[in-house]
Amino acid sequence: VRKRSPPPRSSRPSRRTSKRCSATRRAWSEAKGFNRVAVKVLRSLGYRVAVKPVVGDRFWGAVGDSRNRVQIAFTGLNPGYPDPAVFLAQSFSCAAFLPRNPLNLNPSEFCDPGIDRQMRRAQAEQLSDPIGSRALWQRVDREITDASLWVPLMVSKNVNFLSKRVGNYQYNPQQFMLVDQLWVR
């Protein structure tokens, strides 16, 4: 397992330096135009870009498998429960990186034993010291963010339109609109 270091600060390569970038994206309706924008931005930064679209269910295995050496992918995460361990530990821990495996959930291949120790400690303290645990999770989040492993492009919102005839509307952050609780006049 290799530890990733942050990318170099230089945004433009020298004439002797050659930057390469292989981009893979899922053919989602939400991602229309993503390739065009990504290619334009990366080329403006001096990268040579090769785009290899992957369609359908093969996408997740292609992105996760380290043998494919994917450097950029349009992907996301919607955790079932808003717990930092679900997102951070399952996406950025050393244990989450499964080399040469299409089921790998850590496509950035990030592994930092120090951050792993902080995550284990934060998880262990969640019940006994929730405030201290929250502070540890915040530190881990900042360290992972500073490593620039993922670049957020968007945060989606779930919007529901209701008729005046609908009552007992309830929203749950994990299950969204609770359809079984609605009534209609």
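You'll find the structure just up there.
Worth saying up front: this structure is predicted, and the values here are computed from it rather than measured. (Residues numbered from 1 in each chain as written. Predicted model: local features only at pLDDT ≥ 70, side-chain atom pairs only at ≥ 80, totals over all residues. Heavy atoms only, no water.)

**Points about the pattern of salt bridges**
Where charged atoms of side chains with opposite charge meet at close range, the side chains can pair. Operational definition: Within this document, salt bridges are pairs made up of a side-chain nitrogen of Lys or Arg and a carboxyl oxygen of Asp or Glu, the two lying within 4 Å of each other. Working definition: with a 1.4 Å probe on protein chains only, accessible area under 20% of the residue-type maximum means buried, over 50% means exposed, and in between means partly exposed.
Under the criterion given, the structure shown has two salt bridges. Note that D65 and R67 form a salt bridge whose closest N and O atoms lie 2.6 Å from each other. As a salt-bridge pair, E125 and R121 come within 3.1 Å of each other at their nearest N and O atoms. For E125, a relative accessible area of 18% corresponds to the buried category.

**Looking at a nonpolar patch on the surface**
The line we're drawing: Residues qualify for a patch when their relative accessible area is over 30% and they have no salt bridge, like charges being joined within 9 Å and the nonpolar side chains of Val, Leu, Ile, Met, Phe, Trp and Tyr within 5 Å. Only the protein chains shown count as cover for residues, and all accessible areas are computed by the Shrake-Rupley method using a 1.4 Å probe.
Taken together, the side chains of V37, V41 and L45 define a hydrophobic patch exposed on the protein surface, amounting to about 230 Å² of accessible area. Assessed through its relative accessible area of 53%, V37 is described here as exposed.

**Comments concerning helix α4 (residues 113-124)**
To keep it simple, the criterion reads: Strands are runs of DSSP state E lasting at least 2 residues, helices are runs of H or I lasting at least 4, and numbering of each runs from the N terminus. By definition here, a helix of n residues has an expected span of 1.5 Å times n minus one. An arc is given here, and it is the one of the directions from the helix axis to the C-beta atoms. In what follows, a contact means two residues having at least one pair of non-hydrogen atoms within 4.5 Å. The definition of a polar contact used here is a pair of N or O atoms within 3.5 Å, where within protein one atom must be able to donate a hydrogen and the other to accept one, and adjacent residues in sequence count solely through side-chain atom pairs.
Between its first and last C-alpha, α4 extends 16 Å over 12 residues, near the 16 Å set by a 1.5 Å rise per residue. Among the residues of α4, those classed as buried are I115, D116, Q118, M119 and A122. In a view along the axis of α4, the buried residues occupy a sector of 160°, so they form one face of it. Turned more than 90 degrees away from the buried face of α4, the exposed residues are R117, R120 and A124. Each element contacted by the buried residues of α4 is listed here: α3 (84-92) and α5 (130-146). Of the residues that open α4, the one with a side-chain oxygen 2.9 Å from the backbone nitrogen of G114 is D112.

**Structural notes on the packing of α4 against α5**
Rules: To get an axis, a line is fitted to the C-alpha atoms, and for a helix only the part in contact is used. The angle between two axes follows their N-to-C directions and goes from 0 to 180 degrees. Here is the rule for angles: anything less than 35 degrees is roughly parallel, anything more than 145 is roughly antiparallel, 65 through 115 is roughly perpendicular, and the remaining ranges are oblique. Put simply, a crossing is left-handed when the front helix is turned counterclockwise from the back one by less than a right angle, and right-handed when it is turned clockwise. Gly counts as polar in this scheme, as do all residues outside two lists: the nonpolar Ala, Val, Leu, Ile, Met, Phe, Trp, Tyr, Cys and Pro, and the charged Asp, Glu, Lys and Arg.
With their axes 8 Å apart at the nearest point, α4 and α5 run at an angle of 155° to one another. Classified by the interaxial angle, the pair formed by α4 and α5 is roughly antiparallel. Seen along the crossing, α4 lies across α5 with a hand that is left-handed. Across from I115, Q118, M119, R121, A122 and Q123 in α4, the residues of α5 making contact are S133, L136, W137, R139, V140, E143 and I144. Partitioned by chemical class, the residues of the contact of α4 with α5 number seven nonpolar, three polar and three charged.

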